Amino acid sequence: MRRLVVVLGMLTVLLVAGGPALAESPARLDEQLEDRVGALSGEGPRVEEALDALRVEDGTQLWVTFVSSFDGATGQQWADQAAAASQLGRTDVLFAVAVDDRAYGISVDEGFRLSDDELDTLLAEDVEPALSDGDWAGAVVALADGLRGGSRGGDGGGSIALLVIGGVAVVGGGAWLVARSRRRSRPAARPGAGPADPHAGVPTQELQNHASSALLELDEQVQTSQIDLDFARAQYGPEAVTGFDAALAQSEAELGRAFALRQQLDDEVPEDDAATRRLLTELLTLVETADARLDDQAEAFAQLRDLERTAPQVLDALEPRIAELRARVPAEEQRLQELRARFAEAALAPVADNVAEARARLAAANQEVVEARGDLAAGQPGAAVSDVRAAEDAVAQTGTLLDAVGRLAADLAAAAERVAAVRTETEADLAEARALVAAGDRTGLAPQIARAESALAAADAALAPADGRPDPLAALRRLEEADAALEQALGGARDAQAQVQRAAAGLDPALLAARSAITAASDFIGTRRGAVGAEARTRLAEAQRHLDTAVGLGQRDPVSAVREAQQADALARRALDAARSDVGSWSGGYGPGGYGPGGFAGGSPGRGGVDLGSLVLGGILFGDGGGSRGGYRSSGFGGGGRRSGGGRRPSGGVRRSSGGRRSSGGGRRGGGGRF
């Protein structure tokens, strides 16, 4: 698996740089401290402590990477390019050291609080002497301490963190998800003033971007935590995971509220800037709270599973599960072929590639098991952990992909059984509305009748297409549209009891359509989450909220329940459309020639039958100790790999300097040299 991560990193550089990539070319930093050459030896904890102290005290994040060579680039050029690939922002500093070249580079945002002279003094007096002595850890600590020490005579025109009672900094420069398992407080507001903006100085659009990034990361953490929890429950029983169940449920609820805020920001009613910032702040607070709760449980959960010790038993359990899923593939492939013969292509779109994707996931799971066993045989149980977790994720996704075919088949059959009865009811309502118009009613029935007639015709077209393959779910939705139009038209003519009875009769079909749409979107997003962005996930979360509301209202207020179910259905279909668009855009055209099985942008590099594009698409790539999933850092209960300090911060562009000790301009500046 680790070899896959290296290959993927090289491919990422090719995509970013647009040309050949060498092993030491600058690439996205996924961890705040990356030592590619083992320079730090056993001093990593000392360095991490200095990085944490800097981040907590004033919000500055120092990103550090040790490499062998800068490949002929100057240190400044290399650092700027790595900062661009990492999307670092105004409070981020990147420090790169090429130990064999005996060169270094540093990149800061153009508006960073230290002036050029102050930064030069810090490098010359504190950092370069340590580098010259080969004290790599000492150089990083000196840089972190120097940055933490302030502006050396001035604030450089930048923002300075406000330290508040309770201890943790809130920084105007944009670092809000500060440190793992730490809590923040906000600057005190003046008496009579509104609440202080904890992100003052951060542009609203940047705050929007951070909110989307934070939502994606938390959603990924919740999903991977659920996978980890399911395997732990199967391994140790439900009693052993009760506390983790409760923590995950709370974090899921907070994630749901955060998605609801995101939906409010995205809806057709615009908020002014102040309201937008308040909603974003509330959203980020929810995300931080949920994230911290998962963090708090991570160590205990790791002790529960203890994969370094139990990896052999876990692998023993995974292998028959993989065999069982592999045995299901032909049957599900046959079922899919039968569905294609019976139903419209559009009806099967959510699962069209599921069998092929399941094969790719199974190949990945099998390869991870082989690598994990190799690590165990070599006496490296720690190295096997990431392979075990990747295998578990691939197995879980395979089950979802195969189950989705059967679920959709059942939904299509149920819709086909119901559609005739619903159509009869719709025709009766339409006849009632026409009679009212014929009797001289002038309350605006005619436009709604026309709308219902159009929806009824569309339903007939979905039930009896030219090729003879119907889409009963689409027909059911069209009939619901007709019913909605007629209910609006007939509401004034019917008494309250009649409206309730009519809505109660239509609730089950509406719930069926909504549940089917949500399940299809959830399965698609969950098994392709490496490519799916915030919009699709937000719409799906909102769809689930409306469905839950519909179910809760069903007995006492069926009229409102039907409206909620119809809203849930519409949002879920929008979520699926957005997710399919994301996958298509990410892969250069999902399906043949794209990032599907057998195609990594038109020809997937891989090994052992494992398709790298499929792994990234599914979000199941792990690096050592947790790793990245489809571009997102995740951890949850599984531990490892979560980046500290929140999302990547987009800069205003990165200038690649032409060399020399100092470059300035564009979006970033910095320095570098030899030692």
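No experiment lies behind these values; they were computed from the predicted model shown. (Residues numbered from 1 in each chain as written. Predicted model: local features only at pLDDT ≥ 70, side-chain atom pairs only at ≥ 80, totals over all residues. Heavy atoms only, no water.)

### A word on empty space enclosed by the protein
Part 1 of the reasoning: Scanning all chains against the criterion turns up four cavities of 30 Å³ or more.
Part 2 of the reasoning: As a volume, the second largest cavity reaches approximately 60 Å³.
Part 3 of the reasoning: Class assignment for the residues of the lining of the second largest cavity results in five nonpolar, two polar and three charged. (1 Å grid on protein atoms, 1.4 Å probe; cavity = no way out; pocket = protein on both sides within 12 Å on 5 of 7 lines; lining within 4 Å. Points joined across faces, edges and corners; volume = space filled by probe spheres on them. Nonpolar A, V, L, I, M, F, W, Y, C, P; charged D, E, K, R; others polar.)

### A look at the side chain of E542
Part 1 of the reasoning: Following the sequence through the fold, E542 ends up in helix α16 (residues 534–553).
Part 2 of the reasoning: Using a relative accessible area of 6% as the deciding quantity, one classes E542 as buried.
Part 3 of the reasoning: The residues contacting E542, other than those within four sequence positions of it, are A260, Q263 and L571. (Helix = DSSP H or I, 4+ residues; strand = E, 2+ residues; numbered from the N terminus. Buried < 20%, exposed > 50% of the residue type's maximum accessible area, 1.4 Å probe, protein only. Contact = heavy atoms within 4.5 Å.)

### Notes on the nonpolar core
Part 1 of the reasoning: Within the largest apolar cluster, 57 residues are counted, with the highest numbers of intra-cluster contacts made by L318, V388, V395 and L412.
Part 2 of the reasoning: Looking at this core, the elements that each hand over two or more residues are α6 (204–236), α9 (307–342), α10 (345–348), α11 (354–377), α12 (381–438), α13 (445–463) and α14 (472–490).
Part 3 of the reasoning: Each of domain 2 (204–408) and domain 3 (409–498) accounts for three or more of the residues forming this core.
Part 4 of the reasoning: Sequence-distant contacts of L412, defined by excluding residues within four places in its chain, comprise F343, A347, L348, D471, P472 and L473.
Part 5 of the reasoning: Judged by nonpolar contacts, the second largest core, of 33 residues, contains V47, Y104, I106 and L147. (Core = buried A, V, L, I, M, F, W, Y, C linked by side-chain atoms within 4.5 Å. Domains from an automatic or database assignment.)

### Section: the pairing of strand β2 (residues 61–67)
Part 1 of the reasoning: Counting buried positions along β2 yields seven of seven residues, so the element is predominantly enclosed.
Part 2 of the reasoning: Burial along β2 is two-sided: Q61, W63, T65 and V67 facing one way and L62, V64 and F66 facing the other are all buried.
Part 3 of the reasoning: Handedness of the crossover joining strand β1 (residues 33–35) and β2 through helix α2 (residues 44–58): left-handed. (Right-handed = clockwise from strand over helix to strand, strands pointing away.)

### Observations concerning the packing of aromatic side chains
Part 1 of the reasoning: On inspection of all chains with the given rule, the structure shows five aromatic pairs.
Part 2 of the reasoning: Geometrically, the ring pair formed by F70 and W78 is tilted, given 5.2 Å between the ring centres and 35 degrees between the ring planes. Like F70, the residue W78 is buried in the burial classification.
Part 3 of the reasoning: Ring plane angle 70 degrees and centroid distance 5.8 Å describe the contact between W136 and F675, whose orientation is recorded as edge-to-face. Of this pair, W136 sits in helix α5 (residues 136–148) while F675 sits in the segment after β10 (668–674), and the two are 539 residues apart along the sequence.
Part 4 of the reasoning: Under the relative-accessibility criterion, W136 is labelled buried at 15%.
Part 5 of the reasoning: Given a relative accessible area of 17%, F675 falls into the buried group. (Phe/Tyr/Trp six-rings, centres within 6.5 Å; stacked < 30°, edge-to-face > 60°.)

### A short note on the packing of α6 against helix α8 (residues 273–305)
Part 1 of the reasoning: Here α6 crosses α8 at 25 degrees, and the two axes come no closer than 9 Å. Taken together, the axis directions place α6 and α8 in an arrangement best described as roughly parallel. Viewed along their axes, α6 and α8 form a crossing whose handedness is left-handed.
Part 2 of the reasoning: Its residues placed into classes, the contact of α6 with α8 shows 18 nonpolar, seven polar and five charged. (Axes fitted to C-alpha atoms, helices over the stretch in contact; angles between N-to-C directions. Parallel < 35°, antiparallel > 145°, perpendicular 65-115°, else oblique. Left-handed = near helix turned anticlockwise from the far one by under 90°.)

### Some words on the confidence of the model for the protein chain
Part 1 of the reasoning: Looking at the protein chain, the pLDDT average stands at 76 and 76% of residues meet or exceed 70.
Part 2 of the reasoning: Ignoring residues within four places in sequence, the model shows residues 1–23, a span with pLDDT below 50, making 41 contacts including any to other chains.
Part 3 of the reasoning: Segment residues 640–666 is flagged for pLDDT under 50; beyond a separation of four residues in sequence, or across chains, it makes 111 contacts in the model. (pLDDT = per-residue confidence, 0-100.)

### So, the pattern of salt bridges
Part 1 of the reasoning: A full pass over the atoms with the stated rule returns 31 salt bridges.
Part 2 of the reasoning: The residue R233 makes a salt bridge to D230 at a minimum N-O spacing of 3.0 Å. Of the two residues, R233 and D230 are both situated in helix α6; the distance of three residues between them amounts to about one turn of the helix.
Part 3 of the reasoning: You can call D230 partly exposed: its relative accessible area is 36%.
Part 4 of the reasoning: Close ionic contact of E481 with R478 constitutes a salt bridge, the shortest N to O distance being 3.3 Å. Of this pair, E481 and R478 both sit in helix α14, three residues apart, roughly one helical turn. (Salt bridge = Lys/Arg side-chain N within 4 Å of Asp/Glu carboxyl O.)

### Quick look at the layout of surface pockets
Part 1 of the reasoning: Considered as a void within the structure, the second largest pocket measures approximately 960 Å³ in volume.
Part 2 of the reasoning: The wall of the second largest pocket is formed by 31 residues, among which Q223, Q226, E252, S522 and G526 lie closest to the centre.
Part 3 of the reasoning: Listing elements by their share of the lining of the second largest pocket, those giving two or more residues are α6, α7 (242–266), α12, α15 (496–526) and α16.
Part 4 of the reasoning: If you tally residues by element for the lining of the second largest pocket, the top one is α6, at seven residues.
Part 5 of the reasoning: Counting contributing residues per domain, the lining of the second largest pocket is built from domain 2 (204–408) and domain 4 (500–585), each supplying no fewer than three.

### What about α13?
Part 1 of the reasoning: Helix length check: α13, at 19 residues, gives a terminal C-alpha distance of 27 Å against a target of 27 Å (1.5 Å per residue), a fit within 8%.
Part 2 of the reasoning: Within α13, burial applies to L445, Q448, I449, A452, A455, L456, A459 and A462. Seen along its axis, α13 keeps its buried residues to an arc of 140 degrees; they face one direction. (Expected span 1.5 Å × (residues − 1). Arc of directions from axis to C-beta.)

### A few points about α12
Part 1 of the reasoning: If you check α12, its first and last C-alpha atoms are 81 Å apart, about what 58 residues at 1.5 Å a residue would give, namely 86 Å.
Part 2 of the reasoning: V419 marks the point of greatest bend in α12, at about 35 degrees.
Part 3 of the reasoning: G440 sits one or two positions beyond α12 and adopts a positive phi of about 105 degrees. (Bend = angle between axes of the 7 residues up to and from the residue.)

### A short note on the environment of L617
Part 1 of the reasoning: Within the fold, L617 resides in helix α18 (residues 612–618).
Part 2 of the reasoning: Judged by relative accessible area, which is 0%, L617 ranks as buried.
Part 3 of the reasoning: L617 sits 86 residues away from A531 along the chain, and the two C-alpha atoms are 5.6 Å apart.

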